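Listed below are the residues making up each chain.
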Amino acid sequence: MKKSVRRLCVAAVLAIGIAQAVSAADGPRAALLAQYQRILPELTRNSFGVPVFVRSTDDGDVLSADVFGVIERPPETVAEILGQPRAWCQFVPLTLNVKACTYTQYAPDVRLTLFMGRKYYEPPEKAYQVRYRFTSNRTRDGVFRVALYGGDGPLGTEDYRIEVEATAVGAGTLVHIRCSYRPSTRSRWATAAYLATLGRDKVGFSRVGVDADGKPLLVGGVRGIIERNVMRYYLALAAVLDTRTVPLDGRFEARIRRWFDLTERYPAQLHELDRTEYLQAKRREHRNQERLQAVQTAALGPGS
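Residues numbered from 1 in each chain as written. Predicted model: local features only at pLDDT ≥ 70, side-chain atom pairs only at ≥ 80, totals over all residues. Heavy atoms only, no water.

Visitor: Explanation requested: unusual backbone geometry in the structure shown.
Guide: What is expected of a backbone is that most residues other than glycine have negative phi and most peptide bonds are trans. Phi is positive for L155, close to 60°, though the residue is something other than glycine. Of note, L155 is situated in the loop between β6 (144–150) and β7 (158–169). Judged by its relative accessible area of 41%, L155 is partly exposed. Positive phi, close to 55°, is recorded for D159, a residue that is not glycine. (Helix = DSSP H or I, 4+ residues; strand = E, 2+ residues; numbered from the N terminus. Buried < 20%, exposed > 50% of the residue type's maximum accessible area, 1.4 Å probe, protein only.)

Below is the structure:
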């Protein structure tokens, strides 16, 4: 069966199941499935070859982006990864701008620190730290939720949030990731300078129209930036899930290779480094992260 036909068949089955679930209940799961039902036509006719949907907003105060997709893993497996702060520090640093991730865990207080920097290799000492409070819960109707709430970021940005919802759909898991933050005047000036130079040809994933030949026009600007970031997080989660059964001594190497391969499916949006440069940078950054986590754990004691 051709991939396009298979996608349509899968989409039809999902649509029937979602419609039944939405009509049979009311609550967080029904609300999430209703959103998915509305965007299902976009999933089946996007130009990316896989069923994902990305959207973004910029109201002048908050910049946000969402990605919806179905991961072919049972919800228990996805929730197991999402619910562990340690696992977040395994998949979030696969992305280009996260140089390291550390966590502390004194129940019920869990904190994650992301060391944010350039897309090239950078030691954590030169990165900017964004500290997040980590919370997770499961609703009665079967939605697993994780929220990371951060404070100040670089250039006066603030109110960083990463929010994830996951619930069963068909034989897989519907995952919704939302990233948002409040930009500042300084950050918008810096972004404008980037978009006028190095980022002038970069695009996001959502369609804003069609050209004279009927081809889709994709969003650019600051919305394109945050769409690329949220998609990188989604693909990082997928990479960790895809490699979770690899023997431990080869798992990190498998993760970084898998993430690079997944992002290369979207070269117009996500290609930044060649494979060798990316792999070498992430190996060095991973060693830095292990050092930071060991120092932090030793300082805080065995309960961290």
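Back to the text.
Visitor: Before we go on, may I ask you to explain the pairing of strand β4 (residues 109–116) in this structure?
Guide: Here is the key point about a regular strand: its side chains alternate between the two faces of the sheet. Strand direction decides the pairing type here: strand β3 (residues 98–106) and β4, joined by 8 bridges, are antiparallel. The residue bridging C101 from the neighbouring strand is L114, located in β4. Sheet topology places β4 next to strand β5 (residues 128–138); 7 bridges connect them, and they run antiparallel. Bridging across to β5, R111 finds its partner in R133. (Pairing = 2+ DSSP bridges.)

Visitor: Would you mind showing me how to read the pairing of β6 here?
Guide: The buried fraction of β6 amounts to 5 of the 7 residues, a majority that puts the element mostly inside the structure. Here β5 pairs with β6 via 7 bridges, running antiparallel. Bridge pairing in β6 places R133 opposite Y149. Here β5 folds back onto β6 in antiparallel fashion, the turn holding 5 residues, of which G142 has a positive phi close to 95°. Judged from the 6 bridges that link them, β6 and β7 form a sheet pairing that is antiparallel. Directly across from Y149, in β7, lies its bridge partner R161.

Visitor: Even after reading the chapter, I still don't get the side chain of R255, so can you show me in this structure?
Guide: With respect to the helices and strands, the residue R255 is situated in helix α7 (residues 248–263). For R255, which is buried and forms no salt bridge, the nearest opposite charge comes from E290, at a distance of 8.2 Å. Setting aside residues up to four positions removed in sequence, R255 forms contacts with Q90, L94, A239, V240 and T243. (Lys, Arg positive; Asp, Glu negative; His and termini not counted. Salt bridge = Lys/Arg side-chain N within 4 Å of Asp/Glu carboxyl O. Contact = heavy atoms within 4.5 Å.)

Visitor: Quick question: what am I supposed to make of the state of the cysteines here?
Guide: By definition, a disulfide links the sulfur atoms of two cysteines through a covalent bond. Tallied over the entire structure, the rule returns 1 disulfide. Put simply, C89 and C101 are joined by a disulfide, and their sulfur atoms are 2.0 Å apart. With the S-S bond torsion at -60°, the cross-link from C89 to C101 turns out left-handed. Linking C89 in helix α4 (residues 85–91) with C101 in strand β3, this pair joins segments that are 12 residues apart in sequence. On the accessibility criterion, C101 (1% relative accessible area) is buried. (Disulfide = S-S within 2.5 Å.)

By themselves, these observations are geometric and do not establish any function.
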